[in-house]
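# A structural walkthrough
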Amino acid sequence: MANHDYTARVTWTGNRGQGTASYRAYDRTWNIETPNKPVVHCSNDPLLGGDPTLHNPEDLLIASLSACHMLWYLHLASDAGIVVQGYVDDPLAVGESLPSGAGRFLSATLRPVITVPDGTDLAKADAIHHEIHKTCFIARSVNFPVTYEARYEVG
């Protein structure tokens, strides 16, 4: 077993000059900075007054879950002799917000469309999805159910 460190710098950028003097005196914006990578500009969920043009934590979580699944799918497909020619996912996460403002994800559904060549064993290709939860770092870390609704395009 090996431990891995992951780092990033999160810097709040929403000080309009008064800091947090009042709830409406500041923006909920920040940057994610990781060495040698582009800066990611973020805000909170638009439902909470965030900038809808910027990524929010919920966007980043579902994107991370989807990307981790995709990378493991490609790896396991390659190992299984399944040739993947294209992979696009439009994941859907369902969350709830309580009157107190507390929120959480209830579930996520990954909905990849996977392009494979004619003659691919689609049952074998589909079975790979059910093995990924054993290895995907992100999927193994979340505490809500993750389901899969993969579709295949042949050609």
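Please read all numbers here as calculations on a predicted model, not as lab measurements. (Residues numbered from 1 in each chain as written. Predicted model: local features only at pLDDT ≥ 70, side-chain atom pairs only at ≥ 80, totals over all residues. Heavy atoms only, no water.)

### Section: the overall build of the protein chain
Scanning the protein chain from N- to C-terminus turns up three helices and nine strands. Going residue by residue from the N terminus, the α and β elements of the protein chain occur as β-β-β-α-β-β-β-β-α-α-β-β. Taken against the 2.2 N^0.38 rule, which gives 15 Å for 155 residues, the C-alpha radius of gyration of the protein chain at 19 Å runs more than 25% over that of a compact globule. Taken across its 155 residues, the protein chain has 29% of its residues classed as buried. Within the protein chain, contacts between residues separated by at least 24 positions form 50% of all contacts whose residues are at least 6 apart in sequence. (Helix = DSSP H or I, 4+ residues; strand = E, 2+ residues; numbered from the N terminus. Rg over C-alpha atoms; globule rule 2.2 N^0.38 Å. Buried < 20%, exposed > 50% of the residue type's maximum accessible area, 1.4 Å probe, protein only. Contact = heavy atoms within 4.5 Å.)

### Thoughts on the pattern of salt bridges
Throughout the structure, instances matching the rule amount to three salt bridges. Of the charged contacts, one joins D27 and R16 as a salt bridge, the two residues approaching to 2.7 Å between their closest N and O atoms. Here D27, found in the loop between β1 (9-12) and β2 (29-33), pairs with R16, found in the loop between β1 and β2; they are eleven residues apart in sequence, far enough to count as distant. The exposure class assigned to D27 is partly exposed, which follows from its relative accessible area of 32%. In this structure R16 comes out as exposed when scored by relative accessible area, which is 51%. The salt bridge partner of R104 is E96, with a shortest N-O separation of 2.7 Å. The class for R104 is exposed, based on a relative accessible area of 52%. Overall, E96 belongs to the partly exposed group, its relative accessible area being 28%. (Salt bridge = Lys/Arg side-chain N within 4 Å of Asp/Glu carboxyl O.)

### Description of the side chain of T120
Within the secondary structure, T120 is located in the loop between β7 (112-116) and α2 (122-127). In this structure the side chain of T120 is engaged in a polar contact, spanning 2.6 Å, whose partner is the backbone oxygen of P117. Look past the residues within four positions of T120 in its chain and what remains in contact with it is I82 and A125. (Polar contact = N/O pair within 3.5 Å; in protein donor to acceptor, adjacent residues only side chain to side chain.)

### Considering the packing of aromatic side chains
Tallied over the full model, the rule gives five aromatic pairs. Judged by centre distance (6.2 Å) and plane angle (80°), the ring pair of Y23 and Y26 falls under edge-to-face. Given a relative accessible area of 17%, Y26 falls into the buried group. Among the aromatic residues, ring-to-ring pairing joins W12, Y23 and Y26 into one connected group. Its guanidinium or amino end placed over the ring of Y23, R28 lies 4.1 Å from that ring's centre, counting from NZ or CZ. Directly above the ring of Y26 sits R28, whose terminal nitrogen or CZ lies 3.8 Å from the centroid. (Phe/Tyr/Trp six-rings, centres within 6.5 Å; stacked < 30°, edge-to-face > 60°. Lys NZ or Arg CZ within 6 Å of the ring centre and 35° of its normal.)

So yeah, pure geometry; function would need other evidence.
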